[in-house]
Amino acid sequence: MRATWIIFRREVAAYFTSPLAYLIAFAFLLMTGIIFNNDLTRSVTVKSVDPALIPSFLSLLLVLFAPLFTMRLLSEESREGTLELLLTAPIPDFSIVFGKFLSAWFYFSFLLGLTLIYQIILDQISYPDYVHTTAAYLGIWLYGGATLAVGLMFSALTENQIVAAFLSTITLFILWIGDLAGDIVANIDLARVIRNLTLQGHFSTSFAVGIIRVEDIIYFGGMMLIMLFLTVQFVEARRW
């Protein structure tokens, strides 16, 4: 665990000293702020406030932002030759991968925590459903971890950050749009299977509506474990 902690601290420091990370954070908060403001304005005369507005919006936004959070983590190390130095050090491959993953998840959690200011604002002007909000935030936190694990895997596959981000985005978009399988696939059973394999299929009808289901937690946890396992295998292949 000491090796994981060292990698984690190193990567977290890189996030909070990188101009690109601050630009990404600015865009992230700007977009969520605009969505919140629009929904708040509409809630005055059109509809009530959606307790899961920000988490639901982030389920789509992460298709674009998760690859940006992870694209450099292993591809940049590989391109600059520092990954080989890490692999020759007495550090388990899993510690390298897990430390980098935790740093990306921590950075996302930090940004997600900043969006709680919107809930504080709602608390001052209305009576939000805290149970619904808590479930939605828990879901998007797990959802974010799964998307970051996918992005990290593709970062291990190539030395080019742009290629890693592109492949991650395409994969995450497929996993997001699969929630619409019922509208596309005529066979109900096949549509149900496809939907159960997607990220949205385990968020939009559970966490996003205030329901916490064990099978959805297991899905996101399993997705992270599978992606991290594959990432470790790709890193080990570089060692040899």
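This text follows the structure it describes.
As a starting point, this report considers the structure included with it.

Calculation rules
- Residues numbered from 1 in each chain as written.
- Predicted model: local features only at pLDDT ≥ 70, side-chain atom pairs only at ≥ 80, totals over all residues.
- Heavy atoms only, no water.
- Helix = DSSP H or I, 4+ residues; strand = E, 2+ residues; numbered from the N terminus.
- Buried < 20%, exposed > 50% of the residue type's maximum accessible area, 1.4 Å probe, protein only.
- Contact = heavy atoms within 4.5 Å.
- Polar contact = N/O pair within 3.5 Å; in protein donor to acceptor, adjacent residues only side chain to side chain.
- Axes fitted to C-alpha atoms, helices over the stretch in contact; angles between N-to-C directions.
- Parallel < 35°, antiparallel > 145°, perpendicular 65-115°, else oblique.
- Left-handed = near helix turned anticlockwise from the far one by under 90°.
- Salt bridge = Lys/Arg side-chain N within 4 Å of Asp/Glu carboxyl O.
- Core = buried A, V, L, I, M, F, W, Y, C linked by side-chain atoms within 4.5 Å.

## Overview of the overall build of the protein
Here's step 1: Tallying secondary structure elements over the protein gives 12 helices and zero strands in all.
Here's step 2: Scanning the protein from its N terminus toward the C terminus, one meets helices and strands in the order α-α-α-α-α-α-α-α-α-α-α-α.
Here's step 3: The 240 residues of the protein split such that 48% are buried.
Here's step 4: Within the protein, counting contacts between residues at least 6 apart in sequence, those at least 24 apart form 77% of the total.

## Quick look at the environment of Gly 201
Here's step 1: You can see Gly 201 is positioned in the loop between α11 (188-196) and α12 (214-239).
Here's step 2: In this structure the C-alpha to C-alpha distance between Gly 201 and Ile 177, which are 24 residues apart in sequence, comes to 9.3 Å.

## Focus: the side chain of Thr 198
Here's step 1: Along the chain, Thr 198 turns up in the loop between α11 and α12.
Here's step 2: One polar contact links the side chain of Thr 198 to the main-chain amide nitrogen of Gly 201, over a distance of 3.1 Å.

## Description of the packing of helix α3 (residues 53-70) against helix α9 (residues 161-177)
Here's step 1: α9 packs onto α3 with a crossing angle of 160° between their chain directions and a minimal axis gap of 8 Å. By the angle between their axes, α3 is roughly antiparallel relative to α9. Remark: the crossing between α3 and α9 carries right-handed chirality. Contacts between α3 and α9 involve Ser 59, Leu 60, Leu 62, Val 63, Leu 64, Ala 66 and Pro 67 from the first element and Ala 165, Ser 168, Thr 169, Leu 172, Phe 173 and Trp 176 from the second.

## A few points about the pattern of salt bridges
Here's step 1: Tallying each qualifying case throughout the model produces five salt bridges.
Here's step 2: Notably, a salt bridge pairs Glu 11 with Lys 100, separated by 2.6 Å at the nearest N-O pair. Placement of Glu 11 in helix α1 (residues 2-15) and of Lys 100 in helix α6 (residues 93-114) is noted, with a sequence separation of 89 residues between them.
Here's step 3: Owing to a relative accessible area of 2%, Glu 11 belongs among the buried residues under this scheme.
Here's step 4: Between Glu 215 and Arg 213 there is a salt bridge whose closest N-O contact spans 3.9 Å.
Here's step 5: Under the relative-accessibility criterion, Glu 215 is labelled partly exposed at 46%.
Here's step 6: Among the residues examined, Arg 213 registers a relative accessible area of 29% and is labelled partly exposed.
Here's step 7: The network of salt bridges with shared partners includes Arg 10, Glu 11, Arg 72 and Lys 100.

## Quick notes on the nonpolar core
Here's step 1: Of all hydrophobic cores here, the largest spans 55 residues; its most connected members are Phe 69, Leu 199 and Phe 220.
Here's step 2: Sorting the residues of this core by element identifies α2 (19-45), α3, α6, α7 (116-125), α8 (130-157), α9 and α12 as the ones contributing at least two each.
Here's step 3: With 12 residues, the single largest contributor to this core is α8.

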